[in-house]
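As a plain string of letters, each chain reads:
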Amino acid sequence: MRLADLIDSRIVDADGRDIGRVGDVWLIQNGPPIGVFGAALTVDALVIGRFGLASRAGYEREGVRGPAPIAWYLRRRTAHRQVVRWSDVLAIEEGRIRLRLREGDLGRPSIEDVRTTGRRVSAGLELLDRQLVDPDGMMAGKVDDLAIELKDGGAPPVVTEILAGPGALARRIGGTPGAWLASVDARLRGGSRDPAAISFGVVARIDDHVTLTVSREEVATFGFEEWVRDHVIEKIPGS
Amino acid sequence: MRANAIRELPGGTPRQRRGRSRTASGLLITLLLVSAACTGPARTTSAYQSKAVDTADEVVSASRTVLLAAQLGDEGRSFAPTISVTVADAETDAETARDAFTSVQPPNAESDNLRAALLPTVQDACDVIGEVRIAARRADGDLSQVAAPLGQLADELDAFSTRYG
Amino acid sequence: MFEIFLGILTAFGGFVDIGDLVANSETGARFGMRLAWVVVVGVIGIVIFAEMAGRVATMSKRPVFDIVRERLGARWAFVNLGASFFINLLTVAAEIGGLALVIELVTGLNYLLWVPLLGIAVWIVLWKLRFSLMEKVFGLSGLTLIVTLFALWRLDPGLHRTVQTVGFAPPASEGWAVYAFFAIALLGAAMTPYEVFFFSSGAVEDHWTPKDLMVNRLNVYMGFPLGGILSLAIMGAAAVVFEPHGVSLSHLSQVTLPVSLAFGKIGLVLLLYGMFAAIFSAALETALSAGYTMSQFFGWQWGTFVKPREAARFHLVVVGSIVVGVLIALTTIDPILITEYSIVLAAAALPLTYLPILIVANDPMYMKDKVNSRPLNAIAFVFFVLLVIVSVATIPLMIITKAGA
């Protein structure tokens, strides 16, 4: 399953009522060990609400004043978002998530309130669309999507891989532009429509960008760069 | 460490949105290009009149540009190629305006009169500009002499524009 | 100290491009100085926008389009990329077309012949010359455009006639719709998005640190307004020479007439040289900007601070944008018309890039202690509202006025 499958899915409560869309996903670093990264990130909670500019602007954080009218407007849009713990999810269906609880029973904690051991990461705000950087400081693409492995027996799903490249991005863009991007990417990669995956085990660190432990040349997204380098740029003197 | 960091994942299909936004923007672009480019037909006297005035203004602009360019050329204040290009550009403007105007069907007798009042002057101006262009390409000395009639012609067209504009 | 001075002059000389030349002269010929206030507004706008983008890039090490993707999210950033990239390509075509027109004015040979050669020249300079050297050489050469200021003074000593036409409304012979449309064009010419992409990527390329912030503020606060004065001089010269005689401006050849009138051949040489240099530097910046935006959106390695073979896709996009620009120019569509469309559409697209920068410039997580001050936020917000209004009004006005005919 991909993060893009979760985000923007409709949420249906125990009474069958549609209570909104998934706006963001909170992750906690308390899963099984995975490579250099340590404990893997697991899905802890889903935030209800649209994941638009309002959430991404960061106005829920303290100290972000912004131009006053913009701050006021965007803060209002994110003020009352409810949160669903993963344990309250009954089933995941095609484009829909079914809950055990009724809407009235949902809480509104902020990500700082969540009591946990282990680091908390807001997938939409801190992980998605971040720059991937290799140990030499070279840029290796963006976090376009995340691969999530569902577990049996009620254990929280584990984030196993970072998906990168236009193939993964196309899914998040959606609609006609997304489909177009996907077909361009497929053609450039010789017909394969699967996005490139980077195991979370090679992630060293997440701060304002994601640092990897492998050189960018070993990442699947390097294919296109390599092709352009070998067939176009190298042919020109002075490269 | 070359871990199993790389493997392919089965892909999904992007959610299909209705293709409406695509067609809408295509239409919009066509509309933009079309509206920016054409001169439509004139069905009323006042519509024809405004086209006539626009034509007169264009030709005045071209004529006075040529007069200035000719003066600068004679005074040695510019280079021959520059003057040449300036006059050629002005000629294109004047002729395009004339051709656009002559291609429009006058809707009634009153418009016929308007056409008859305007066209000869416009044509004369185009002819003189053409002569200036030839002289300029030859770097043939006295351009102002060749361009002189444009002063009078431009003033007449100006009067036409003021009268009907 | 010398570095600061050089920086200001480079910003000054590099400010004007084909868009400013066309917009300011056309407006001067048609409206006198009645739209001069828009140039002032536009200069204030680009100063605010560029300073914020430069500060954001310095403190967060992230250039504009990286921020745009992070804030707008994949879908809207992709739409933004599409629009910005398309407009960028049009601008490359306009600049190369403009260069070809300048060469035509010097040689008399048709501009289309020069388009491919100039495309190659632009690319060779990009490939071979170091970033800072490019900026300085062409930026400083563009300073000879200052001859326009002197020409205006010569034609209208004391600027009495020029000042007489200053106003805030169209003349009797023109309507408000056309007036507004030209206002938008002037704004788009002054607040070019590619300038901001280029400036902020340059901040990362040159590894600016907080210590550099003051110097670069000076460059922006002093260099750009000087460039604005140059724009006004171009407008004034056209106003004094053309407006009283009902001459409307539609060719670059006409733009040379006021300076010829004032100073003859010497003035003309300075003008043509300055035009060529300024437009060439703009062509370099727009081509690089195409590479920057696409690379920063997709996360590719970019920049002229690494070897070309290490940023292959970036360079491919840069070359590609020059090729497409050349092809567009070769369709024989009038370069002046391409220019007009590029600046108007650029004005319409501004809010999408402006808003993310404005928001991040207020975020202490990125900016540490260098967030926007309250007064700056107030002005910046007013500009945001203005840009949104302009954006919404552009397409309808374009249709109503038949693109300013």
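Let me sum up the structure you'll find in this document. (Residues numbered from 1 in each chain as written. Chains lettered and ligands numbered in written order. Predicted model: local features only at pLDDT ≥ 70, side-chain atom pairs only at ≥ 80, totals over all residues. Heavy atoms only, no water.)

What follows deals with the overall build of chain A. Looking only at helices and strands, one finds seven helices and 16 strands in chain A. In terms of overall dimensions, chain A is globule-like: its C-alpha atoms have a radius of gyration of 19 Å, near the 18 Å expected for 239 residues. Seen through its C-alpha atoms, chain A measures out along the principal axes to roughly 65 × 45 × 40 Å. Across the 239 residues in chain A, those meeting the buried criterion constitute 54%. Considering only contacts within chain A whose residues lie at least 6 apart along the sequence, 57% involve residues at least 24 apart. With 33 positive and 35 negative side-chain charges, chain A shows a spacing of 6 Å between the two charge centroids. (Helix = DSSP H or I, 4+ residues; strand = E, 2+ residues; numbered from the N terminus. Rg over C-alpha atoms; globule rule 2.2 N^0.38 Å. Buried < 20%, exposed > 50% of the residue type's maximum accessible area, 1.4 Å probe, protein only. Contact = heavy atoms within 4.5 Å. Lys, Arg positive; Asp, Glu negative; His and termini not counted. Charge placed at Lys NZ, Arg CZ, Asp CG, Glu CD.)

Along its length, chain C carries 17 helices and zero strands. Projected onto its principal axes, the C-alpha positions of chain C cover 55 × 45 × 45 Å. Burial statistics for chain C: of 405 residues in total, 66% are counted as buried. Put simply, 83% of the contacts in chain C that link residues at least 6 apart link residues at least 24 apart. Working note: accessible area of chain C is about 13,500 Å², and carbon and sulfur atoms make up 74% of it. Across chain C, the mean location of the 23 positive side-chain charges is 6 Å away from that of the 23 negative side-chain charges. (Areas by Shrake-Rupley, 256 points an atom, 1.4 Å probe, with all protein chains shown as cover.)

For the rest of this paragraph, the subject is the interface of chain A and chain C. Chain A puts 46 residues into the contact, and the matching count from chain C is 43 residues. Between Glu225 of chain A and Arg313 of chain C there is a salt bridge whose closest N-O contact spans 2.6 Å. For the pair chain A and chain C, the interface holds 13 residue pairs in polar contact (both at pLDDT 80 or more). Of all the secondary structure elements, the ones that give two or more residues to the side of chain A that touches chain C are helix H2 (53-56), helix H3 (68-78), strand E11 (139-142), helix H5 (166-173), helix H6 (175-188) and helix H7 (222-231) of chain A. Among the residues forming the side of chain A that touches chain C, the class breakdown is 23 nonpolar, 10 polar and 13 charged. (Salt bridge = Lys/Arg side-chain N within 4 Å of Asp/Glu carboxyl O. Polar contact = N/O pair within 3.5 Å; in protein donor to acceptor, adjacent residues only side chain to side chain. Nonpolar A, V, L, I, M, F, W, Y, C, P; charged D, E, K, R; others polar.)

As enumerated under the stated definition, the model contains 33 salt bridges over all chains in all. Here Glu93 of chain A ties to Arg98 of chain A by a salt bridge, and the two come within 2.8 Å at their closest N and O atoms. Beyond isolated ion pairs, a larger network of salt bridges with shared partners links Arg130, Lys142 and Asp208 of chain A together with Arg62, Asp66, Glu70, Arg71 and Asp363 of chain C.

Here we come to the packing of helix H9 (residues 176-190) of chain C against helix H17 (residues 374-400) of chain C. All names here are of chain C. Two numbers describe how H9 lies on H17: the axes approach to 9 Å, and their chain directions differ by 125 degrees. In this view, H9 runs oblique relative to H17, as classed from their interaxial angle. Helix-helix and strand crossings are classified by hand; for H9 and H17 the assignment is left-handed. On the side of H9, the interface is formed by Ala177, Ala180, Phe181, Ile184 and Leu187, while H17 contributes Leu387, Val390, Ala393, Thr394, Leu397, Met398 and Ile400. The residue inventory of the contact of H9 with H17, partitioned by class, reads 11 nonpolar, one polar and no charged. (Axes fitted to C-alpha atoms, helices over the stretch in contact; angles between N-to-C directions. Parallel < 35°, antiparallel > 145°, perpendicular 65-115°, else oblique. Left-handed = near helix turned anticlockwise from the far one by under 90°.)

Counting across every chain of the model gives 25 aromatic pairs over all chains. Feature note: the residues Phe224 of chain A together with Phe78, Phe297, Phe298 and Trp300 of chain C constitute an aromatic cluster, connected by ring pairs. Directly above the ring of Phe297 of chain C sits Arg69 of chain C, whose terminal nitrogen or CZ lies 5.0 Å from the centroid. (Phe/Tyr/Trp six-rings, centres within 6.5 Å; stacked < 30°, edge-to-face > 60°. Lys NZ or Arg CZ within 6 Å of the ring centre and 35° of its normal.)

Right, let's get into a nonpolar patch on the surface. On the surface, a nonpolar cluster with roughly 230 Å² of combined accessible area is contributed by Met1, Ile92 and Leu150 of chain A. Along the chain, Met1 of chain A falls in the segment before helix H1 (3-6). (Patch = residues over 30% accessible without salt bridge, like charges linked within 9 Å, V, L, I, M, F, W, Y side chains within 5 Å.)

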